[in-house]
Amino acid sequence: VRASRAEYEKEKVSNVIRALLHKGIEQGLFREDMDIEEVVLFSLQTNNIAVDRLIQLPKNEHLKYVCFLLDVWIRVVCNEKGLAYYNANYDKRIKK
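This section reports on the structure supplied with the text.

About the criteria used
- Residues numbered from 1 in each chain as written.
- Predicted model: local features only at pLDDT ≥ 70, side-chain atom pairs only at ≥ 80, totals over all residues.
- Heavy atoms only, no water.
- 1 Å grid on protein atoms, 1.4 Å probe; cavity = no way out; pocket = protein on both sides within 12 Å on 5 of 7 lines; lining within 4 Å.
- Points joined across faces, edges and corners; volume = space filled by probe spheres on them.
- Helix = DSSP H or I, 4+ residues; strand = E, 2+ residues; numbered from the N terminus.
- Nonpolar A, V, L, I, M, F, W, Y, C, P; charged D, E, K, R; others polar.
- Axes fitted to C-alpha atoms, helices over the stretch in contact; angles between N-to-C directions.
- Parallel < 35°, antiparallel > 145°, perpendicular 65-115°, else oblique.
- Left-handed = near helix turned anticlockwise from the far one by under 90°.
- Contact = heavy atoms within 4.5 Å.
- Phe/Tyr/Trp six-rings, centres within 6.5 Å; stacked < 30°, edge-to-face > 60°.
- Patch = residues over 30% accessible without salt bridge, like charges linked within 9 Å, V, L, I, M, F, W, Y side chains within 5 Å.
- Areas by Shrake-Rupley, 256 points an atom, 1.4 Å probe, with all protein chains shown as cover.
- Salt bridge = Lys/Arg side-chain N within 4 Å of Asp/Glu carboxyl O.

Okay, the layout of surface pockets next. In this approach a probe as big as a water molecule rolls over the atoms, and the regions it shows empty are the leftover space. Counted as a void, the largest pocket has a volume near 310 Å³. Around the largest pocket, the lining comprises 13 residues; the ones closest to its centre are Ser 43, Thr 46, Asn 47, Leu 69 and Trp 73. If you list the elements that add at least two residues to the lining of the largest pocket, you get helix H1 (5–26), helix H2 (36–56) and helix H3 (62–77). Sorting elements by how many residues they give to the lining of the largest pocket places H2 first, with 6 residues. Classifying every residue of the lining of the largest pocket by side-chain character gives 10 nonpolar, 3 polar and no charged. The calculated volume of the second largest pocket comes to roughly 230 Å³.

Helices that pack against each other are described as a pair by the angle of their axes relative to one another and the distance between those axes. Axis separation between H1 and H2 bottoms out at 10 Å; the angle between their running directions is 130°. Viewed along their axes, H1 and H2 adopt a mutual orientation that is oblique. Here H1 runs over H2; the crossing is right-handed. Contact with H1, carried on its side by Lys 10, Val 13, Ser 14, Ile 17, Arg 18, Leu 21, His 22 and Ile 25, involves Ile 36, Glu 37, Val 39, Val 40, Ser 43 and Leu 44 of H2 and no other residues of that element. Counted by class, the contact of H1 with H2 contains 8 nonpolar, 3 polar and 3 charged residues.

So, on to the packing of aromatic side chains. By the definition in use, this model includes 3 aromatic pairs. Between the aromatic rings of Phe 30 and Trp 73, the centroid separation amounts to 6.1 Å while the plane-to-plane angle is 85°, which identifies the pairing as edge-to-face. Here Phe 30 is found in the loop between H1 and H2, whereas its partner Trp 73 is found in helix H3, with 43 residues between them in sequence.

Once that is clear, we can look at a nonpolar patch on the surface. A surface patch of nonpolar side chains, about 250 Å² in accessible area, is lined by Phe 42, Phe 68 and Val 72. Residue position: Phe 42 is located in helix H2.

Here's what the structure looks like:
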C-alpha cells in the first residue's frame with residue numbers, strides 16, 4: 001500500500017526534525033530528557049497552526065511570526081548551554 005503524498009511529506013519532515021533533535025542532543029545543546037516523538041508531534045502540529053495563522057496575517061508580518069515560532073521552539077528543546085548559545089548568537093538577530 002502506497003502512502004498518500006501528504007503522509008509521505010509528513011514522514012519526510014518528521015525524519016528531518018528527528019535528525020535535528022538527535023544532532024542537537026549529541027552536540028550538548030538540546031535537552032536529553034525530552035521525548036523526541038512528542039517534540040516531533042508538537043513541531044508538526046505547530047506547523048499546521050502556523051500555516052493557518054500565516055494565511056490570516058498581512059505578508060509584512062509573516063517573518064515576525066515565523067521568528068516568534070522559531071524562538072518558542074528553540075526554548076522548548078534547548079538545555080542551558082543551548083539557550084546560552086542561542087542568546088549569544090541568534091536571539092537578537094531573530095527579534096529585529
